[in-house]
Amino acid sequence: MGESINANNKIKAFELFYYIYFLILFGARAIGFYDGQTIYNVLLLAGAAMFGIKIISTRHTLAECLIIICFLGAGSITYACSGEKGLLIYFTMMLGMKGINEKKVMRLGLYILGISYFVLYVLSMTGLIQELNHMNNRSGFGYIMRHSLGYPYPNTTHTTLLILIMLFFYLYKAESFSKLVRASLIAMLLSCFIYVYTVSLTGLISISIYLVANLYLHARKERSKLENALILMLFPATVIFSIAGPLLATGDAFEFMNKLLHKRYEYALYFLTNEKITPFGSYFGETPTSWYMLDNSFLYLFLQLGIVSFILICSIYLVWIKYIVKNNKKPELAIMITFCFIGMSDPFLFNLSYKNLTFVFIGAWLYDTLSKKAEDFPELLRKEIILLPLGEKEIVVPDIADFKLHKAFVKTIAHISCNFLKFALLFAVSFILASGIYYVSTTEPKVLYTNTEIADPYFNHKNIEMTQADVDAALAKGDIVEGYHSSDPTMYIFKKTAPHMEYIRSVITCGFFAGIICVLIFSIGRFIRKR
């Protein structure tokens, strides 16, 4: 390939062990695996093994070892009592961070998720993998099919994009505020494009909050005491609102919040009044329907994972937030602010999603704090322990920044950014032309047929039993058939909005990729002409 390894790219073996651990667990979720799958459980075990190797190959003080034991013990007891292993896995993300560079972890995450997200999208759109799609009756719109694009659920697809955008902006060092605005507009455009598929209002709003918060924090060179106070109050306020809100709200106020949060208040009240508050969590009883779930990270932490885990996590978050406010850690603040809001409508902050990147930052901060306060500890607690000295051996690894393909990609993006208005106009013209050509040259489908799994829970909707010949006839007419299996021939019929929305998605997708391709061709062509 012509790429060479820079001799300065040296890391210690224990660092490599953590990067492999992170690659396994973060990569497993990035490519769409989820709890319950055999392959995912195997990867969890592999990740746990690499975490164990990382810990014993790193030099720790006795004080650090005691803290590791306490956190892992709390996570293990919570898992034993509730069956929820997400918090234990997050503790491994945090506790493995000694001697690890946060930016390198974020960069690895960006590469993993960036490639995985694009590949899953392509595989889903070409039909090479089967999507886990869902029908949804949206107020004012009617029935719409929500696409998962290779992930377990449409909301998961959009919140995964949020993590991808966070990883990018954490590493992106804009030369000016205007360039940060341009990058934010591109990210928002991408979010809107994915929204066309997922129809995830939670995802769209969360990305909007993050981009606005990130711009605001970078625009303010110095914040006032009031601004800092409001940021410090945000986490406890959202936690209290999540737990006390459903209990205190009544009448019209409850109905308003329940409608605004898509029945989350109703479901939260059900769990608050039917489940017990326990020290280390519990298994929940059977719910009235499968739609009853805790779509709130803070309530999930409090009720499902128990009061001990709740106090432990809230305490460490409050101290860490105080630290990043005091030291003006803008990238971390933007992520934290966004997670406070999205935590009220999504449980991923503390479940098995492995998307809560704040545990990486908390881990680095925790070890840095312990190191600074080491002199205050008794001599016994300062004693260092390492079980696998191999971890301190230096090894040389390739830096992806040294590869020609990576350099070409970075130069292309930089060129587009420097000529933003020109390329934005090119994208817009290409989008309109390609969309228009597709629209006038194709016929809009009249019917969308979906199988039982996709139609759930709208089983009262009109349905028929179809044969393979019926499916072929429907496709020949230009209609859409999703998820047909001869073993379950029942197909649900959706007309008007559902097939129309699928057609609109096709029109937009055609225009979007035509615009992207034209921009890339003109940008790359410039480099070829220069050479």
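Please read all numbers here as calculations on a predicted model, not as lab measurements. (Residues numbered from 1 in each chain as written. Predicted model: local features only at pLDDT ≥ 70, side-chain atom pairs only at ≥ 80, totals over all residues. Heavy atoms only, no water.)

## A few points about the overall build of the chain
Thinking step 1. When its secondary structure is counted, the chain shows 21 helices and 10 strands.
Thinking step 2. For the chain, the C-alpha radius of gyration of 25 Å lies close to 24 Å, the compact-globule estimate for 531 residues.
Thinking step 3. For the C-alpha atoms alone, the extent of the chain along its principal axes is close to 80 × 70 × 50 Å.
Thinking step 4. Within the chain, counting contacts between residues at least 6 apart in sequence, those at least 24 apart form 78% of the total.
Thinking step 5. As presented, the chain carries roughly 26200 Å² of accessible surface, and 66% of it is formed by carbon and sulfur atoms. (Helix = DSSP H or I, 4+ residues; strand = E, 2+ residues; numbered from the N terminus. Rg over C-alpha atoms; globule rule 2.2 N^0.38 Å. Contact = heavy atoms within 4.5 Å. Areas by Shrake-Rupley, 256 points an atom, 1.4 Å probe, with all protein chains shown as cover.)

## Considerations on the packing of helix α5 (residues 102–125) against helix α6 (residues 154–171)
Thinking step 1. For the pair α5 and α6, the least separation of the axes is 9 Å and the interaxial angle reads 135 degrees. It follows from the interaxial angle that α5 and α6 lie oblique. Crossing geometry of α5 relative to α6 is assigned as left-handed. Facing E102, K103, M106, R107, G109, L110, L113, G114 and Y117 of α5, the residues of α6 in contact are T157, T160, L161, I163, L164, L167, F168, Y170 and L171.
Thinking step 2. Taken together, the residues of the contact of α5 with α6 sort by class into 11 nonpolar, 4 polar and 3 charged. (Axes fitted to C-alpha atoms, helices over the stretch in contact; angles between N-to-C directions. Parallel < 35°, antiparallel > 145°, perpendicular 65-115°, else oblique. Left-handed = near helix turned anticlockwise from the far one by under 90°. Nonpolar A, V, L, I, M, F, W, Y, C, P; charged D, E, K, R; others polar.)

## Some remarks on the pattern of salt bridges
Thinking step 1. According to the stated counting rule, one finds 9 salt bridges in the structure shown.
Thinking step 2. In this structure, E64 and K98 form a salt bridge, with 2.7 Å as the shortest nitrogen-oxygen distance. Of the two residues, E64 sits in helix α3 (residues 62–82) while K98 sits in the loop between α4 (86–95) and α5, which places them 34 residues apart along the sequence. The burial state of E64 is the same as that of K98; both residues are buried.
Thinking step 3. Where E227 meets R220, a salt bridge forms, and the shortest distance between an N and an O atom there is 2.9 Å.
Thinking step 4. When its relative accessible area of 31% is taken as the criterion, R220 is described as partly exposed.
Thinking step 5. Taken together, the shared-partner salt bridges connect R59, E384 and E392 into one network. (Salt bridge = Lys/Arg side-chain N within 4 Å of Asp/Glu carboxyl O. Buried < 20%, exposed > 50% of the residue type's maximum accessible area, 1.4 Å probe, protein only.)

## Quick notes on the sheet that holds strand β10 (residues 490–495)
In sheet architecture, strand pairing relies on hydrogen bonds along the backbone and comes in two forms, parallel and antiparallel.
Thinking step 1. Taken in spatial order, the 4 strands of this open sheet run β8-β10-β7-β9, and their pairing is mixed. Pairing within the sheet leaves two strands with one partner each, and these edge strands are β8 (463–465) and β9 (480–482). Ignoring strand direction, the axes of neighbouring strands in this sheet form an average angle of 30 degrees.
Thinking step 2. Strand direction decides the pairing type here: β8 and β10, joined by 3 bridges, are antiparallel. Within β10, the position partnered with N463 by the bridge is Y492. (Pairing = 2+ DSSP bridges.)

## Regarding the pairing of strand β4 (residues 142–146)
Thinking step 1. Alignment of strand β3 (residues 134–138) against β4, held across 5 bridges, turns out to be antiparallel. Residue pairing across strands places N136 opposite I144, the latter belonging to β4.
Thinking step 2. If you look at the hairpin formed by β3 and β4, you'll find 3 residues sitting between the two strands, and G140 has a positive phi there, around 85 degrees.

## Quick word on the packing of aromatic side chains
Think of a pair of aromatic rings as described by two things: how far the centres are apart, and how the planes are tilted against each other in angle.
Thinking step 1. Going through the model one piece at a time under the given rule, you end up with 42 aromatic pairs.
Thinking step 2. Between Y267 and Y292, the aromatic rings sit 4.7 Å apart at their centres with planes inclined by 50 degrees, giving tilted as the arrangement. In this pair, Y267 sits in helix α11 (residues 264–274) while Y292 sits in the loop between α11 and α12 (297–304), placing the two residues 25 residues apart along the sequence.
Thinking step 3. Taking relative accessible area as the criterion, Y292 reaches 19% and is therefore assigned buried. (Phe/Tyr/Trp six-rings, centres within 6.5 Å; stacked < 30°, edge-to-face > 60°.)

## Things to note about the nonpolar core
Thinking step 1. Residues Y18, Y317 and F350 are the most contacted members of the largest nonpolar core, which totals 119 residues.
Thinking step 2. At 12 residues, helix α1 (residues 13–30) tops the list of elements feeding residues into this core.
Thinking step 3. When neighbours within four sequence positions are excluded, Y317 is seen to be in contact with F235, F350, N356, T358, F359 and I362. (Core = buried A, V, L, I, M, F, W, Y, C linked by side-chain atoms within 4.5 Å.)

## A few points about unusual backbone geometry
Thinking step 1. Positive phi is not limited to glycine here, since N328 has a value of about 55 degrees.
Thinking step 2. Judged by relative accessible area, which is 30%, N328 ranks as partly exposed.
Thinking step 3. With a phi close to 60 degrees, K496 is a non-glycine residue in the positive phi region.
Thinking step 4. Tracing the sequence through the fold places K496 in the loop between β10 and α21 (497–530).

## Topic: the confidence of the model for the chain
Atom-level detail of predicted coordinates should not be read off regions where pLDDT is low.
Thinking step 1. Overall, the predicted model of the chain reaches an average pLDDT of 91, with 96% of residues at or above 70.
Thinking step 2. Note that pLDDT drops below 50 for residues 1–7; the model gives that stretch 12 contacts with residues more than four away or on any other chain. (pLDDT = per-residue confidence, 0-100.)

## Comments concerning the packing of α6 against helix α7 (residues 177–198)
Thinking step 1. For the pair α6 and α7, the least separation of the axes is 10 Å and the interaxial angle reads 165 degrees. With respect to their mutual orientation, α6 and α7 come out roughly antiparallel. Considering only the axes of α6 and α7, their crossing is right-handed. Residues P154, T157, H158, L161, I165, F168 and F169 of α6 form the contact with α7, whose participating residues are L180, A183, S184, A187, L190, S191, I194, Y195 and T198.
Thinking step 2. Broken down by class, the residue content of the contact of α6 with α7 amounts to 11 nonpolar, 5 polar and no charged.

## Points about the side chain of E275
Thinking step 1. By the secondary structure assignment, E275 is in the loop between α11 and α12.
Thinking step 2. Within the buried set, E275 has no salt-bridge partner at all; the shortest N-O distance to an opposite charge, 8.7 Å, is to K276.
Thinking step 3. Excluding anything up to four places from it in sequence, E275 contacts Y283, F284, G285 and L303. (Lys, Arg positive; Asp, Glu negative; His and termini not counted.)

## Quick look at α12
Thinking step 1. For α12, the tally of buried residues reaches 8 of 8 residues, placing the bulk of the element in the interior.
Thinking step 2. Residues of α12 that are buried: S297, F298, L299, Y300, L301, F302, L303 and Q304.
Thinking step 3. Positive phi appears at G306, one or two residues downstream of α12, with a value of about 95 degrees.

## Looking at α11
Thinking step 1. Buried residues of α11: R264, Y265, Y267, A268, Y270, F271 and L272, and no others.
Thinking step 2. At its buried positions, α11 is contacted by α6, α8 (201–219), α9 (225–248), α10 (251–260) and α12.

## A word on a positive patch on the surface
Thinking step 1. Together, K103, K104, R107, K173 and K329 line one region of the surface with positive charge.
Thinking step 2. Take K173: its relative accessible area is 53%, and that puts it in the exposed class. (Patch = residues over 30% accessible without salt bridge, like charges linked within 9 Å, V, L, I, M, F, W, Y side chains within 5 Å. Charge placed at Lys NZ, Arg CZ, Asp CG, Glu CD.)

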